[in-house]
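One-letter residues, chain by chain:
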Amino acid sequence: MSDLYRFGISLDKDLIEAFDRHIKTQGYQSRSEALRDLIREELLRKTREEGGTVAGAIVMTYDHHKRELVNRLLDIQHDFHDLIISTQHVHLDHGNCLEVIAVKGSAPKIEKLATNLKVLVGVKHLNLSVTATD
Ligand code: NI
């Protein structure tokens, strides 16, 4: 376990009260844990901005009946094969597929992969969720 470092913060009363109300509704047990998550979120934002390495998942639904679409989706995934860890395909119903693509690598390349998939006609919804690798 890493060493704990303690420090004090000076904040306006209104600001800390608003923060406390917010983290209470989120379910945090302490300010420390809420602050840790805020710091991690900011560091992840910086990593993405600077083109660092991230991990994540692309979750998308698409029209099963567009045959050319399936080929395009596969071609694009092969173009970005170095980023893709695994894919899971779910036949949601007669006409819709759900695909979850686990990724790890350069943040801009992952965003490019997600965009290339998202813009295809027949892709109904796509969400990219990104997290830190450390
Ligand atoms: Ni399917």
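Bear in mind the structure is a predicted one, so any value in this text is a computation, not a measurement.

**Here we look at the pairing of strand 1 (residues 53-63)**
No. 1: Counted residue by residue, strand 1 has 8 buried out of 11 residues, so it is predominantly covered.
No. 2: As paired strands, strand 1 and strand 3 (residues 96-106) are joined by 11 bridges and run antiparallel to one another. Bridged to Ala55 within strand 3 is Lys104.
No. 3: Of the strand pairs in this sheet, strand 1 and strand 4 (residues 123-131) are connected by 8 bridges, and their pairing is antiparallel. By the bridge assignment, Val59 is partnered in strand 4 with Asn127.

**What to know about the domain arrangement of the protein chain**
For an interface, size is often stated in terms of accessible area lost upon the parts coming together.
No. 1: Here the protein chain is described as being made up of domain 1 (13-49) and domain 2 (53-132).
No. 2: On a C-alpha basis, the centroid separation for the pair domain 1 and domain 2 is 31 Å.

**Thoughts on the coordination of the nickel ion**
No. 1: Taken together, His89 (NE2), His91 (ND1) and Cys97 (SG) make up the full set of protein donors to the nickel ion, lying 2.1 to 2.4 Å away.
No. 2: Each donor residue of the nickel ion belongs to the same chain, and together they define the spacing H-x1-H-x5-C.

Reading the values: rules and limits
Residues numbered from 1 in each chain as written. Predicted model: local features only at pLDDT ≥ 70, side-chain atom pairs only at ≥ 80, totals over all residues. Heavy atoms only, no water. Buried < 20%, exposed > 50% of the residue type's maximum accessible area, 1.4 Å probe, protein only. Helix = DSSP H or I, 4+ residues; strand = E, 2+ residues; numbered from the N terminus. Pairing = 2+ DSSP bridges. Domains from an automatic or database assignment. Donors = N, O, S within 2.8 Å, 3.2 Å for Na, K, Ca; no water.

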